[in-house]
Structures are given as structure tokens and as C-alpha cells.
Amino acid sequence: MTKTTMTAALLAIALVAVPTLGGAQSVPGASSRAPIMWGADLLEVEGNTLTLVGNAELLQGQNRLRADRVAGLNQTGDSRLEAAGNVYFVTPEQTIRGDRAVYTTGNDTIVVTGDVILTQGQNVLTGSRLTYNTRTGSARVEGAPTAAGNRVQGVFYPEGND
Amino acid sequence: MTAPDPTQTPEARDSQDEARVAAAGRRWRQRSRRVQMLRRVLPVVILLIAGGTVTWVVYRSVISGAERKAGQDQEIRLDRAMFHGQDDQGRRFVIGAEGAVRDPDTGRFRLVGPVLRLNLGGRKVTEITADGGTYDQVAKTVTIGPNVRISDGGSGFSLATPEAVVDTSTGIVTGSKGVQGTGPLGTLSASSYVIRDQGERIEFRGSGDNKVRGTINP
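Residues numbered from 1 in each chain as written. Chains lettered and ligands numbered in written order. Predicted model: local features only at pLDDT ≥ 70, side-chain atom pairs only at ≥ 80, totals over all residues. Heavy atoms only, no water.

1. Description of the overall build of chain B
Link 1 in the chain: Helix and strand counts for chain B come out as one helix and 16 strands.
Link 2 in the chain: Of all 218 residues assigned to chain B, the portion counted as buried reaches 31%.
Link 3 in the chain: The contacts in chain B between residues at least 6 apart in sequence include a share of 36% that link residues at least 24 apart.
Link 4 in the chain: Just so you have it, chain B exposes about 13500 Å², and 53% of that area is on carbon and sulfur atoms. (Helix = DSSP H or I, 4+ residues; strand = E, 2+ residues; numbered from the N terminus. Buried < 20%, exposed > 50% of the residue type's maximum accessible area, 1.4 Å probe, protein only. Contact = heavy atoms within 4.5 Å. Areas by Shrake-Rupley, 256 points an atom, 1.4 Å probe, with all protein chains shown as cover.)

So this is what it looks like as C-alpha cells:
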């Protein structure tokens, strides 16, 4: 395996750290202690399992999570939210789309999986797994570990290049 | 019959005989007139008596029926009423009220200050109170409102809603006139709700563009 091939493979399986595409490090939304407004067509409560079904939406600060279904809310807010189906996580800076997402409010981390698309302005990054810190606004995109065709890919528009 | 007086002349005896015959004729005619009169009067009297008898019998029948119905129609009032039962899963419930009045027309109980406790004997009891309500024993439903307060032990929700319908056979509580509450998801508002399994499962639904909404304050 040549050095170039190894580099490409490493990139393909790489854990590509993206401290926001534009390099911004500002807090995009709010802390995990901020109130969470939620809405859905249906709320199911079974024991301690709480599930939002149908156009589920959570809004914390300026961050918004939308999905067909969100489960795992609890009273303290230190929840492990599991979102499924047409997941969108929208911050003032970025829009993240995926098939599934797990948002752990305790450590301000949301992990989006599936066909992940991260957009910031005109910049687009795709991968199979994205880890986003809602407090710092940093994102980390990973490609598929083995499939060379599912590498992390992106289009960057340097500033001033319209 | 007296013997003829030998001293009387035949003319005198004839005159006495005519007088006697005339008197007998007058008596006969008087008796005949009484008989004629009675022939007319007695049937009328008989008819009056018979009619009166029939009327009295009918009257008494109607009166006694009305009295019996009136007795049945009387409202039954209960103070501090308490109805015990269990649903089809064997979970016990109790329906209490400050007062209960049985409606004679429908057989339903009108409840004043009802208090329902579901899942008695279970770990978490659901308690529902309201200003008033109706208990239909036949339909096995309790419809209460307004000012319904639901304290659901199973889910931890405290809900306020204008109306709640409790199916005592299944233990399912439903409401479709809006609901607000606090609980594991902070505050919430919804268009309708269903509490199943005596509080173990709850569904809140929106209506059209009015989604189920709430706020969590971590």
C-alpha cells in the first residue's frame, strides 16, 4: 500500500475534526441548562419513557432538533434523546441532517448518523457520523470505517470566493 | 170479609159495595202508578250503581298505578356516596362523591364533588376530582367536570382539564376538551389525552396545527 493510498484510506475512515466549517467557536445556541421547548403531534408516556411522535420538535436556545420521532425525555433535562426519521439539527451557524441522532444533554453532545449532511452557508460536508457539541459549536464528521466510497466528502468555499 | 147487615136495605148494600169497589180500584191504580214509576227509576238506579262501580274500579286502578309510579319516580339521594368496583383487569377503583342523586328518568347518578381513585392496591394510584359529574352504571362510565384535576401516580403528571370520561370497565380515562399539566416533561398543553392501564400509559394529542407543546426547565 503506497503512502498516498494509506493517506486516502486514513481519510476515509478518519475522524475528521471540523471545529465548525468556518472556524467559528462561538456558542451557537445555549447551554444544556436552558429551557427546552418541545412540540409534537403525539406525546406517549409509558413508565419513564417519554416519546414525541409526529413532527417532533425541540428548541433549546437557538438550537432546534426536528425528527419524526424523539424518545427519551425526562424531567431533569439530563436526557439521552433518541431521534429517528428525517432528523434535522439546526443551529444559527449550521444545519445537520441525518437518519438518526442521539442527543445527550448532560454533555452537550449530539451524534447524528446515517446519511449525514452538514451545511454551513455554502459549505457542505457529508459523512456517516457526526458528533456535534452544542456548547462549543464544534463538529466532528466521520466517514464509513470500511467503505472507501463513503468517505467524508465536502465542498468548501473560501471566504470571498462566491 | 164482614157479613151483610140484615137491617140494611139492598140499595144501601149496593152503595156500600160500589164504594168498596171504587176504593179497591183507587188503591190498585196507586200501586200501578208506583210500579210504573219504579219500572222507570230502578233501571236508571241500576245503571248508575253499575257505572259508579266500574268508574270506581277504574279510578282506583289508575290512582294506584300513579301512586306506584310516583313511588318509583322518586329521586334517590345519597350523601357521601361511595361506589366500589373493579375493571376487566381486576384492578379496583372507587367512585366517591359528597352527594349523589339518582335521576329517575335515566337511572344515572348525578355526582356532586366526585373523587375517583383508580388502581387501588397498585403501587401508584390515580386520583381524579371535579366539581360535578355523572355516573352511568349501565354504560359503566363516569363523566366528570368541570374543573377536573387528575393526579396520575403512574406517570407523575398533574393535569387540569374541563372534562374527563372514565370507562370503569377498562379503567381508561379520556378527555377531548383540552388539557394542561405539569409532570416529567415540565409543563404541557394538548388538545386531548388518554390515560390507559390505570395511569401506566398516557397519550397526549394535538389537533391539526395545534401540536402537543411544552417546556422543560432543566
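2. Notes on the overall build of chain A
Link 1 in the chain: The helix and strand tally for chain A stands at one helix and 11 strands.
Link 2 in the chain: Going residue by residue from the N terminus, the α and β elements of chain A occur as α-β-β-β-β-β-β-β-β-β-β-β.
Link 3 in the chain: Buried positions account for 42% of the 162 residues belonging to chain A.
Link 4 in the chain: Sequence separation of at least 24 residues holds for 40% of the intrachain contacts in chain A that already meet a minimum separation of 6.

3. Details of the pattern of salt bridges
Residues and elements named next belong to chain B.
Link 1 in the chain: For the structure on display, the rule yields 12 salt bridges over all chains.
Link 2 in the chain: Note that Glu 163 and Lys 177 form a salt bridge whose closest N and O atoms lie 3.2 Å from each other. Separated by 14 residues along the polypeptide, Glu 163 in the loop between strand E9 (158-161) and strand E10 (164-167) and Lys 177 in the loop between strand E11 (172-175) and strand E12 (179-183) bring together distant segments of the chain.
Link 3 in the chain: Salt bridges sharing partners connect three or more residues here, namely Arg 196, Glu 203 and Arg 205. (Salt bridge = Lys/Arg side-chain N within 4 Å of Asp/Glu carboxyl O.)

4. Concerning unusual backbone geometry
Residue and element names in this part refer to chain B.
Link 1 in the chain: Residue Pro 146 is reached from Gly 145 by a cis peptide bond, and omega for that bond is 0 degrees.
Link 2 in the chain: Mapped onto the elements, Pro 146 comes out in the loop between strand E7 (141-144) and strand E8 (148-152).
Link 3 in the chain: The backbone phi angle of Asn 147 is positive, close to 60 degrees, even though this residue is not glycine.
Link 4 in the chain: Accessibility expressed as a relative area gives 38% for Asn 147, which makes it partly exposed.

5. Focus on the interface of chain A and chain B
Link 1 in the chain: In this assembly, 24 residues from chain A lie in contact with 22 residues from chain B.
Link 2 in the chain: For the pair chain A and chain B, the summed buried surface comes to about 1900 Å²; carbon and sulfur atoms form 57% of the total.
Link 3 in the chain: Applying the counting criterion to the chain A and chain B interface returns zero salt bridges.
Link 4 in the chain: Taken together, chain A and chain B are joined by seven residue pairs in polar contact (both at pLDDT 80 or more).
Link 5 in the chain: Among the elements of the structure, strand E2 (36-40), strand E3 (42-46) and strand E4 (49-60) of chain A are those that each provide at least two residues to the side of chain A that touches chain B.
Link 6 in the chain: For the side of chain A that touches chain B, a count of residues per class yields 11 nonpolar, eight polar and five charged.
Link 7 in the chain: Here five bridges tie E2(A) to strand E16 (residues 212-216) of chain B, and the two strands are oriented antiparallel to one another. Directly across from Ala40(A), in E16(B), lies its bridge partner Val212(B). (Buried area = accessible area lost by both parts, 1.4 Å probe. Polar contact = N/O pair within 3.5 Å; in protein donor to acceptor, adjacent residues only side chain to side chain. Nonpolar A, V, L, I, M, F, W, Y, C, P; charged D, E, K, R; others polar. Pairing = 2+ DSSP bridges.)

6. Considering the UniProt feature "transmembrane region" (unreviewed entry) in chain B
Link 1 in the chain: As recorded in UniProt, the sites labelled "transmembrane region" (unreviewed entry) are residues 37-59 of chain B.
Link 2 in the chain: In the segment residues 37-59 of chain B, helix accounts for 100% and strand for 0%; the C-alpha atoms at its two ends are 32 Å apart. (UniProt positions renumbered as here; feature names shortened; annotations may be inferred.)

7. Here we look at the nonpolar core
Link 1 in the chain: Counting 62 residues, the largest nonpolar core has Trp38(A), Leu43(A), Leu52(A), Leu58(A), Leu111(B), Ile128(B) and Phe204(B) as the members making the most contacts within it.
Link 2 in the chain: Sequence-distant contacts of Leu52(A), that is, excluding residues within four places in its chain, are made with Trp38(A), Gly39(A), Ala40(A), Leu42(A), Leu43(A), Leu58(A), Asp68(A), Arg69(A), Val70(A) and Leu73(A). (Core = buried A, V, L, I, M, F, W, Y, C linked by side-chain atoms within 4.5 Å.)

8. So, the pairing of E11(B)
All names here are of chain B.
Link 1 in the chain: Burial along E11 is one-sided: the residues Val 173 and Gly 175 are buried and none of Ile 172 and Thr 174 is.
Link 2 in the chain: Examined bridge by bridge, E10 and E11 share three bridges and lie antiparallel to one another. Bridged to Val 165 within E11 is Thr 174.
Link 3 in the chain: Sheet topology note: the E11/strand E14 (residues 192-196) ladder contains three bridges and is antiparallel. In the strand pairing of E14, Gly 175 is matched with Tyr 193.

9. Here's the deal with the pairing of strand E15 (residues 201-205) of chain B
Link 1 in the chain: Here five bridges tie E3(A) to E15(B), and the two strands are oriented antiparallel to one another. When the bridges of E15(B) are listed, Glu44(A) appears paired with Glu203(B).
Link 2 in the chain: Across five bridges, the pairing between E14(B) and E15(B) is antiparallel. Its bridge partner lying in E15(B), Ser192(B) is registered against Arg205(B).
Link 3 in the chain: If you look at the hairpin formed by E14(B) and E15(B), you'll find four residues sitting between the two strands, and Asp197(B) has a positive phi there, around 50 degrees.

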